[in-house]
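# Structure at a glance
Read off the chains here:
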Amino acid sequence: MAFKVNIFICLAYFVVVCYANGDTEWWKHAQLYQIYPRSYMDSNGDGIGDIKGIINKLDHLADIGADAVWLSPVFVSPMKDFGYDISNFFEIAKEYGTMDDMKLLVTEAKKLGIRILLDFVPNHTSDQCEWFIKSVNEEEGFENFYVWHPGKPNPDPTNPKNLPPSNWISVFRNSAWTWHPDRQEYYLHQFLPEQPDLNYREPAVREMMQRVLRFWLDIEVDGFRVDAIPHLVEADVDDDGHYPDEPKSDLTEDEDDYSYLSHVHTREREETWTNIFEWRKTMDEYSYFKDTKVIFMEASSEMSIVMKYYGNATHEGAHFPFNFDLVNVRAGVKANQLKTLIDTYMSSVPEDRVPNWVAGNHDQPRMASRVGPELADGIMMMTMLLPGAAVTYQGEEIGMLDQSLSFEDTQDPQACKDGPDMYNLTSRDPQRTPFQWDNTPNAGFSTNSTTWLPIADNYETLNLLAQKAAPRSTYKLYKGLSQLRRSDVVKYGDLKVEALDADVLAFSRFHEDEGTVIVLINTGDTIKSVTDLHLKFDNLGESLQVLVPCVNSEWDSGDMMLLNEIMLKPYESLVFKNSVGLLTTSIITLLIGVSITVFNLFFIDV
Ligand code: NOJ
């Protein structure tokens with residue numbers, strides 16, 4: 001009786017623990033998809049993408065296997081930096097829809113098993129934000145909401161205006177300090193002057209940003225991508241009330257360029273982590289009795305610093321900081337560089353933390369334009385089949401290319417500031433053009449006569465519909481990889497990476513029950529014969545079965561290839577499995593099973 005009671009208690013405990021924890025694993029192998037809402041789908045014909053448009057196209061996200069979607073900002077904003085200048089953190093921008101649309105999106109996406117994550121922009125607000133206006137007017141409680149300083153006395157007696165408080169430069173060029181005529185002080189902005197930096201030394205700011213997180217968690221979003229986290233906190237004034245200047249970096253002689261200085265006082269200050277730990281606590285609090293709520297950090301820094309975002313032995317930090325290593329890969333990359341990139345990253349990720357691979361985003365040139373459409377297939381295989389979470393920027397699943405735009409069509413504030421001669425160097429618009437759904441006018445994105453950014457010239461041939469119909473396409477490759485991601489070998493398998501020669505990268509994922517998946521990528525422009533795979537990887541057997549070929553391959557999924565006769569065309573990439581090895585393993589397993597049964601029958605029972 002006591003035994004039964006104990007079992008019952010154990011079962012009840014198990015059920016309670018499972019329920020209390022919710023799904024704690026979903027993000028660890030997630031296929032995360034970034035939507036740039038302005039360019040995804042326009043539902044109301046104004047030429048700008050919106051939330052209803054996303055709802056209308058949820059089937060696409062389910063079709064390509066997205067587990068979660070993060071939306072670039074959809075909050076009220078004057079759109080000086082297209083939503084990264086928020087004037088009301090608690091409301092949806094009219095051009096994107098309403099709060100009801102957002103709630104509907106969360107509900108409808110959940111029905112398809114897709115989680116919605118929002119962009120959390122904690123470093124700065126819009127200069128139109130009520131908090132900033134109150135701070136300009138020094139209203140009670142808001143006096144120190146932003147970073148204000150009277151500036152340095154001007155040595156020129158004829159000029160009454162003080163000099164900026166320090167030499168700090170904005171990421172978008174020029175001084176990071178702007179004089180405010182009403183308050184008669186400088187304010188800090190590490191991006192546009194219209195994006196004043198919040199002051200994280202002010203407890204009220206920290207409380208307010210916690211309110212923001214809770215507000216959206218209360219409508220059941222599943223987490224946040226955290227914007228511009230390295231910039232969150234800056235050095236404080238010294239005892240004399242001065243901000244310290246930053247030293248020169250020697251990277252450029254252009255005094256207005258962000259890289260002119262070494263950012264020792266404005267990036268990744270220790271206080272940044274205190275804030276991350278506080279946000280993480282909020283996530284954990286909301287995860288109790290529910291599925292895990294996540295925070296992912298946008299942090300491109302040197303590896304040792306990126307790793308700090310995970311937290312430490314006493315404090316949990318981000319679920320993961322994005323790994324932008326693949327975003328930095330360019331045409332001409334060599335196999336050993338890719339091997340070093342993977343090995344360095346994997347050995348840096350602290351034990352029991354989750355790795356991740358980002359293929360692109362709205363700030364970087366598109367993958368197919370960076371490395372060429374052919375090698376892009378191989379990089380996509382890396383993104384999707386290396387251990388951990390995989391992050392895809394909208395349009396990469398059909399291999400969209402950057403669209404070069406005229407200065408007149410350019411919208412990115414960073415590029416507009418640079419003027420007609422230089423805008424091309426910094427513009428992020430080429431990777432932000434609307435999604436190419438089909439070959440109808442405006443690529444099926446909008447019924448308006450114009451769109452906020454022009455549609456890319458190639459939309460009649462490069463679009464989702466055409467790729468669905470084609471026997472081979474980037475879309476089909478992507479779907480194949482997405483399906484493969486569901487297997488235990490990709491989720492949990494061991495990783496081994498080899499550069500077979502200067503051009504050919506090989507990596508394997510091995511799982512005891514499922515055998516080996518092996519990926520070969522020819523990064524070069526010549527034909528390569530691969531003969532020594534068996535020397536580098538164990539248990540491959542005599543032949544390999546093609547699982548996912550790149551778009552230009554002559555091989556089909558299911559084809560068998562003898563191990564010592566593998567030839568790779570220029571830039572060809574292939575995913576294989578060791579089917580023979582698997583068969584052998586199965587036969588051996590069967591034989592062992594039969595032997596044990598026979599042994600039991602004849603010996604144990606006697
Ligand atoms: C990073 C965002 O990705 C980028 O688009 C934006 O301009 C800056 N942060 C400023 O918020």
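Residues numbered from 1 in each chain as written. Predicted model: local features only at pLDDT ≥ 70, side-chain atom pairs only at ≥ 80, totals over all residues. Heavy atoms only, no water.

## Topic: the overall build of the chain
Our working rule: Secondary structure elements follow DSSP: runs of H or I of four or more residues count as helices, runs of E of two or more count as strands, with numbering from the N terminus. Here the globule rule reads 2.2 Å times residues to the power 0.38, and the radius of gyration is calculated from C-alpha atoms. A simple rule labels every residue: compare its accessible area, found with a 1.4 Å probe on the protein chains alone, to the largest value its type can have, and call it buried under 20%, exposed over 50%, or partly exposed in between. Each accessible area is a Shrake-Rupley result for a 1.4 Å probe, and residues are judged covered by the shown protein chains and nothing else. The convention is simple: Lys and Arg are positive, Asp and Glu are negative, and His and the chain ends are not counted. Every charge is mapped onto a representative atom, which is NZ of Lys, CZ of Arg, CG of Asp or CD of Glu.
Within the chain, the regular secondary structure consists of 17 helices and 21 strands. For 606 residues, the compact-globule estimate of 2.2 N^0.38 gives 25 Å, and the C-alpha radius of gyration of the chain, at 27 Å, lies within 12% of that figure. Seen along its three principal axes, the alpha-carbon backbone of the chain occupies a region of about 105 × 70 × 50 Å. The 606 residues of the chain split such that 54% are buried. A total accessible area of about 26200 Å² is found for the chain, and carbon and sulfur atoms account for 54% of it. Each charge class in the chain was averaged separately, 51 positive and 93 negative side chains, and the resulting centres sit 4 Å apart.

## Side note on the site of the ligand
This is how it is decided: Residue proximity to a molecule or strand is established when one non-hydrogen atom of the residue lies within 4 Å of it. N or O atoms closer than or at 3.5 Å make up a polar contact, with two conditions inside protein: a donor-capable atom paired with an acceptor-capable one, and, for residues adjacent in sequence, both atoms drawn from side chains.
Residues in close proximity to the ligand include Asp-81, Tyr-84, His-124, Phe-172, Phe-191, Arg-225, Asp-227, Glu-298, His-362, Asp-363, Arg-428 and Arg-432, which together make up its full environment. His-124 is positioned with one of its side-chain polar atoms (N or O) 3.0 Å from an oxygen atom of the ligand. When isolated, the ligand has an accessible area of 300 Å², and the protein chains bury 96% of it.

## Quick look at the sheet that holds strand 18 (residues 543-549)
Two strands in a sheet stick together by hydrogen bonds in their backbones, pointing the same way (parallel) or opposite ways (antiparallel). The criterion, for reference: Here, a strand pair is defined by DSSP locating no fewer than two bridges between the strands. To get an axis, fit a line to the C-alpha atoms, keeping to the stretch in contact for a helix; angles then go from 0 to 180 degrees between the N-to-C directions. Every residue pair with non-hydrogen atoms within 4.5 Å of one another is taken to be in contact.
Reading across from one edge, 14-15-16-21-18-19 is the order of the six strands in this open sheet, with antiparallel pairing throughout. In this open sheet, the two edge strands, each paired with only one partner strand, are strand 14 (494-499) and strand 19 (560-562). For this sheet, the mean angle separating the axes of adjacent strands, direction not counted, is 30 degrees. Looking at chain direction, strand 15 (residues 504-511) and strand 16 (residues 515-522) are connected through eight bridges and run antiparallel. Pairing of Ser-508 across the sheet is with Ile-518, part of strand 16. The strands touched by helix 9 (residues 335-348) are strand 14 and strand 15; relative to strand 14, the strand with the most contacts, the crossing angle is about 150 degrees.

## Regarding the packing of helix 11 (residues 373-385) against helix 14 (residues 474-485)
Defined as follows: Working definition: roughly parallel below 35 degrees, roughly antiparallel above 145 degrees, roughly perpendicular at 65 to 115 degrees, and oblique for all remaining angles. In a left-handed crossing the near helix is turned counterclockwise from the far helix by less than a right angle, and in a right-handed crossing that turn is clockwise. Basically, the charged four are Asp, Glu, Lys and Arg, the nonpolar ten are Ala, Val, Leu, Ile, Met, Phe, Trp, Tyr, Cys and Pro, and anything else, Gly included, counts as polar.
For the pair helix 11 and helix 14, the least separation of the axes is 10 Å and the interaxial angle reads 20 degrees. By the angle class used here, helix 11 and helix 14 are roughly parallel. Considering the relative orientation of helix 11 and helix 14, their crossing is right-handed. Between helix 11, through Asp-377, Met-380, Met-381, Thr-383, Met-384 and Leu-385, and helix 14, the contact on the second element is made entirely by Thr-474, Leu-477, Tyr-478, Leu-481, Ser-482, Leu-484 and Arg-485. Tallied by class, residues from the contact of helix 11 with helix 14 come to eight nonpolar, three polar and two charged.

## Brief notes about the domain arrangement of the chain
Rule in force here: Residue ranges assigned to each domain were obtained from an automatic or database domain assignment. What gets called buried area is simply the loss in accessible area from a 1.4 Å probe that two parts show on being joined, summed for both. In the sections that follow, a salt bridge refers to a side-chain nitrogen of Lys or Arg positioned within 4 Å of a carboxyl oxygen of Asp or Glu.
Looking at the chain, the domain boundaries give domain 1 (29-127 + 202-460) and domain 2 (477-580). For domain 1 versus domain 2, the separation of C-alpha centres amounts to 31 Å. Counting residues at the interface gives 33 residues for domain 1 and 35 residues for domain 2. With both sides pooled, the region where domain 1 packs onto domain 2 buries about 2800 Å², and carbon together with sulfur makes up 65% of that total. Per-residue buried area on domain 1 facing domain 2 is highest for His-29, Met-381 and Leu-385; these three make up 25% of the total on that side. At the junction of domain 1 with domain 2, the criterion picks out three salt bridges. As a salt-bridge pair, Lys-479 and Asp-63 come within 2.6 Å of each other at their nearest N and O atoms. Our enumeration of links across domain 1 and domain 2 arrives at 21 residue pairs in polar contact (both at pLDDT 80 or more). Secondary structure elements with two or more residues in the side of domain 1 that touches domain 2: helix 9, helix 11 and strand 13 (389-393).

## Quick word on the pattern of salt bridges
It is possible for side chains bearing opposite charge to pair when their charged atoms get close. This model, assessed by the stated rule, comprises 42 salt bridges. Here Arg-201 and Asp-236 are joined by a salt bridge, their closest N and O atoms 3.9 Å apart. One end of the pair, Arg-201, is in the loop between strand 8 (185-188) and helix 6 (203-218); the other, Asp-236, is in the loop between strand 9 (223-226) and helix 7 (270-287), with 35 residues separating them in the sequence. Owing to a relative accessible area of 34%, Arg-201 belongs among the partly exposed residues under this scheme. Of the charged contacts in the structure, one is a salt bridge between Arg-428 and Asp-412, with a shortest N-O distance of 2.8 Å. Separated by 16 residues along the polypeptide, Arg-428 in the loop between helix 12 (413-426) and helix 13 (464-469) and Asp-412 in the loop between strand 13 and helix 12 bring together distant segments of the chain.

## So, the side chain of Asp-50
With respect to the helices and strands, the residue Asp-50 is situated in the loop between strand 1 (31-35) and helix 2 (51-56). No salt bridge is formed by the buried Asp-50; the nearest opposite charge belongs to Lys-52, separated by 7.9 Å. Separated by 3.0 Å, the side chains of Asp-50 and Ser-43 make a polar contact.

## Description of unusual backbone geometry
For Asn-174, which is not glycine, the phi dihedral falls at a positive 70 degrees. For Asn-174, the position within the fold is in the loop between strand 6 (148-149) and strand 7 (177-180). Using a relative accessible area of 32% as the deciding quantity, one classes Asn-174 as partly exposed. With phi around 55 degrees, Asn-539 is a residue other than glycine that occupies positive phi space. Looking at the element boundaries, Asn-539 is found in the loop between helix 16 (533-536) and strand 18. Judged by relative accessible area, which is 54%, Asn-539 ranks as exposed.

## What about the nonpolar core?
The cut-off we apply is this: In this text, buried Ala, Val, Leu, Ile, Met, Phe, Trp, Tyr and Cys residues form a nonpolar core when linked through side-chain atoms within 4.5 Å.
The biggest cluster of nonpolar side chains holds 145 residues, and the ones touching the most others in it are Met-102, Trp-131, Trp-216, Phe-224, Trp-279 and Met-382. The greatest single-element share of this core, amounting to eight residues, is contributed by helix 11. Looking at which domains feed residues into this core, each of domain 1 (29-127 + 202-460) and domain 2 (477-580) gives three or more. Filtering out sequence-adjacent residues up to four positions away, Phe-224 remains in contact with Leu-117, Leu-118, Phe-120, Leu-213, Trp-216, Leu-217, Met-283, Val-294, Ile-295 and Phe-296. Counting 17 residues, the second-largest nonpolar core is a separate cluster that includes Val-504, Ile-518, Leu-533 and Leu-544.

## Description of the sheet that holds strand 8
Reading across the sheet, the three strands line up as 6-8-7 and stay open at both edges, with antiparallel pairing between neighbours. Strands with a single pairing partner mark the edges of an open sheet, and in this sheet they are strand 6 and strand 7. Relative to strand 8, strand 7 runs antiparallel, the two being bridged by four bridges. Looking at strand 8, one finds that Thr-178 is bridged to Tyr-187.

## Points about the pairing of strand 13
Working note: regular strand, side chains alternate between the two faces of the sheet. Burial analysis of strand 13 places five of its five residues in the buried class, which makes it a mostly covered element. Note that strand 1 and strand 13 share four bridges and pair parallel. The partner of Tyr-33 across the bridge, within strand 13, is Thr-392. Here strand 12 (residues 356-358) pairs with strand 13 via three bridges, running parallel. Paired with Asn-356 across the two strands is Ala-389, which belongs to strand 13.

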